[in-house]
Every structure is written in structure tokens, then in C-alpha cells.
Amino acid sequence: IIFECWVIIASMITWFLPVNSCWVILTSESNIFVCGCRSFNNSMPSLRRLSNTITTSLISRMIGSKEIKDSQCGYRRYHIDSVLAFKYKEKGFQFETEVILNLSCITTFKICNIDIDTVYNGEKSSISKTFDTIKFIKLIIRRLCCKSM
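Remember, predicted model here, so these are calculated numbers, not experimental data.

## A few points about the environment of N102
Reasoning step 1: Within the fold, N102 resides in helix 4 (residues 93–103).
Reasoning step 2: Placed 14 residues apart in sequence, N102 and Y88 show a C-alpha to C-alpha distance of 8.9 Å.
Reasoning step 3: Apart from residues lying up to four places away in sequence, N102 is in contact with F86, K87, Y88 and R143.

Next up, the structure:
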């Protein structure tokens, strides 16, 4: 018998996950960052697939040995005290990336990637292809410049 449980995520959508995944999500360990990982297959629009592949690869390289499989997925769980330990400059979609970059500085930080369904029902994305891309590039450049000092 497979048991399922409710998990509320950042984008206010509710997913069912098998109980073995829920244990990881509901654990009280403050050093675990749980991130959903969507399949980058044909059900994801091609521009999103390209953007996700590029940004996820870049973020994974920046955080070193801690692999993240889908940096743009809104399905996340992290301990609020860990997040609040840092100061943030970003707003909107870039804030999510800044959280990942900040949490990766914690030496005991672990990423748990959980496969989730890729669901696109023809919704229009609220990401601005131009402005959000520019903001993302500025965030990355700022982080790279700060690390080299």
C-alpha cells in the first residue's frame, strides 16, 4: 500500500508525494533544502526548458559540490531560520536564486532533489523574458564579483 500526504509549496499549489518523500520534507533538520525537480521533457515549453537548463547548470556550478537539478522549480522546503540568517537584495524570481546561493554557503547544507510532475496547462508565465533575464545576469555577476574579492 502506498500512502500519500499533502504538502503545501511556495506557489500555493498542493502536491501529493509518496510517504518516503514526505519524511524528508517534514523532517525538522534545518540544514536540508528540499527542491522539486521537474522533468525537462516535451511537456515543458521549449523556452522554459532552455532557460531552466542554463540557469540550473550555472547555479549548480556556483554552489560547487551541492547538486541542484531544477533551480527554477517553485516547489521548495527550507528551514526559515536558515533563510533569515542572510540579508537579501533580490525580489521576485531572483530571490529564489539568491536563497539557494546563500544557503549553499552553510557547510552542513544539503540539497534533496525530489522528482515531481511537470504540469503546464497552457498558463501564461509571469516571468519577463527580458527584464528577469537581465536581473538574473546581474545577480550572477554580483555574486561572482563578491566571491573574487
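Structure shown, so let's carry the discussion forward.
## A look at the sheet that holds strand 5 (residues 110–115)
Reasoning step 1: Read from one edge of the open sheet, three strands run 4-3-5, paired in mixed fashion. Pairing within the sheet leaves two strands with one partner each, and these edge strands are strand 4 (76–77) and strand 5.
Reasoning step 2: One ladder, built from two bridges, connects strand 3 (residues 32–37) with strand 4; its direction is antiparallel. Bridge pairing links V34 to R77 in strand 4.

## Some remarks on the environment of S39
Reasoning step 1: Its location among the elements puts S39 in the loop between strand 3 and helix 2 (46–62).
Reasoning step 2: Residues in contact with S39, not counting those within four places in the same chain, are M44, I116 and T118.

## Topic: helix 2
Reasoning step 1: For helix 2, which comprises 17 residues, the first-to-last C-alpha distance of 24 Å matches the rise-based estimate of 24 Å (1.5 Å per residue) to within 8%.
Reasoning step 2: Every buried residue of helix 2 is listed here: N52, T55, T56, I59, S60 and M62. The arc that holds every buried residue of helix 2, seen down its axis, measures 150 degrees, which confines them to one face. In helix 2, the exposed positions that point more than 90 degrees away from the buried face belong to S46, L47, I54 and R61.

## Side note on the confidence of the model for the protein
Reasoning step 1: Summary statistics for the protein give a mean pLDDT of 75 and a share of 78% for residues scoring 70 or more.
Reasoning step 2: Mean pLDDT values over the elements of the protein span from 37, in strand 1 (residues 4–8), up to 90, in helix 4.
Reasoning step 3: Scored below 50 in pLDDT, residues 1–20 shows 34 contacts in the model against residues more than four places distant or in partner chains.

## So, the side chain of D70
Reasoning step 1: In this structure, D70 sits in the loop between helix 2 and strand 4.
Reasoning step 2: Ignoring sequence-local partners within four residues, the contact set of D70 consists of C35, G36, C37, R38, F40, N52 and T56.

Quick notes on the rules
Residues numbered from 1 in each chain as written. Predicted model: local features only at pLDDT ≥ 70, side-chain atom pairs only at ≥ 80, totals over all residues. Heavy atoms only, no water. Helix = DSSP H or I, 4+ residues; strand = E, 2+ residues; numbered from the N terminus. Contact = heavy atoms within 4.5 Å. Pairing = 2+ DSSP bridges. Expected span 1.5 Å × (residues − 1). Buried < 20%, exposed > 50% of the residue type's maximum accessible area, 1.4 Å probe, protein only. Arc of directions from axis to C-beta. pLDDT = per-residue confidence, 0-100.

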